[in-house]
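Analysis of the macromolecular model
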Amino acid sequence: SQTIHQWPATLVQPVGSPLSLECTVEGTSNPNLYWYRQAAGRGLQLLFYSVGIGQISSEVPQNLSASRPQDRQFILSSKKLLLSDSGFYLCAWSPLSSSYNSPLHFGNGTRLTVT
Amino acid sequence: KQEVTQIPAALSVPEGENLVLNCSFTDSAIYNLQWFRQDPGKGLTSLLLIQSSQREQTSGRLNASLDKSSGRSTLYIAASQPGDSATYLCAVGGGTSYDKVIFGPGTSLSVIP
């Protein structure tokens, strides 16, 4: 069966420090991968999505970047964190084909607090 | 631009009650609609997915309906239990890939024993 792992679960970082969040998927090949951010009291915001190794699309211009060095690995990064980067970050995957017939599968999220 | 709203924002019911959560969307040209459950501090778990050609989906005590023409979906939970307490989010798919999924803000449900 497919599983998605996301770490760390919680992170407290000072303003201006770098960030690296990692997500890996097991039990499937060529998944679509996504990074979402959930701010308090707001819906999920899509940050990045990837349909293959090295292929990254950004939905929102911001202080963050994403990379996909391997088929089932998705990394969210920042060179210098801002206070506004605080939030709950969720990684998700969906099958590459017939995506609209298959649900999104989410990791357990990372709670990032920038101080 | 697709916008998704959910009413009510929060709901508290006694155990055993049947309840309905509402989701509305502004653009009826959708591919699917999903309902998710989110426990505090956790990721989202998919509950039901309704394709645009379908009217409803059922799973156990959950039933989700879709009326594309009116831009509405409902999630019906029968015989609610304390374990159903969570935030429920609907998400509308506007295309064949998930970069076009728009999420609602969620309804926070509390089932009182």
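In case you missed it, the structure is sitting above this.
**Considering the interface of chain B and chain A**
Listed per partner, the contact involves 22 residues of chain B and 20 residues of chain A. Between chain B and chain A, roughly 1,700 Å² of surface is buried when both sides are summed, and carbon and sulfur atoms account for 60% of that area. Elements with a contribution of two residues or more to the side of chain B that touches chain A: strand S4 (32-38), strand S5 (44-51) and strand S10 (101-103) of chain B. For the side of chain B that touches chain A, the per-class residue count stands at nine nonpolar, 11 polar and two charged.

**Re the pairing of S4(B)**
Residue and element names in this part refer to chain B. Most of S4 is tucked away, with seven of its seven residues classed as buried. Residues Asn32, Gln34, Phe36 and Gln38 of S4 are buried on one face, and the alternating residues Leu33, Trp35 and Arg37, pointing to the opposite face, are buried as well. Where S4 lies against S5, seven bridges are found, and the strand directions are antiparallel. By the bridge assignment, Trp35 is partnered in S5 with Leu48.

**Some points on the pairing of strand S11 (residues 110-114) of chain A**
Residue and element names in this part refer to chain A. Only one face of S11 is covered, namely the face carrying Thr110, Leu112 and Val114; the face carrying Arg111 and Thr113 is uncovered. Bridge analysis of strand S2 (residues 10-13) against S11 gives four bridges, and the strand direction is parallel. Within S11, the position partnered with Leu11 by the bridge is Leu112. Pairing geometry for strand S9 (residues 87-94) and S11, over three bridges, is antiparallel.

**With respect to the pattern of salt bridges**
Residues and elements named next belong to chain A. The final tally for this structure, using the stated rule, is four salt bridges over all chains. Where Asp85 meets Arg37, a salt bridge forms, and the shortest distance between an N and an O atom there is 3.9 Å. With Asp85 in the loop between strand S8 (73-78) and S9 and Arg37 in strand S4 (residues 32-38), the pair connects residues that are 48 residues apart, well separated along the chain. In this pair, the class of Asp85 matches that of Arg37, namely buried.

Parameters and conventions
- Residues numbered from 1 in each chain as written.
- Chains lettered and ligands numbered in written order.
- Predicted model: local features only at pLDDT ≥ 70, side-chain atom pairs only at ≥ 80, totals over all residues.
- Heavy atoms only, no water.
- Contact = heavy atoms within 4.5 Å.
- Buried area = accessible area lost by both parts, 1.4 Å probe.
- Helix = DSSP H or I, 4+ residues; strand = E, 2+ residues; numbered from the N terminus.
- Nonpolar A, V, L, I, M, F, W, Y, C, P; charged D, E, K, R; others polar.
- Buried < 20%, exposed > 50% of the residue type's maximum accessible area, 1.4 Å probe, protein only.
- Pairing = 2+ DSSP bridges.
- Salt bridge = Lys/Arg side-chain N within 4 Å of Asp/Glu carboxyl O.

In short, geometric facts, not functional conclusions.
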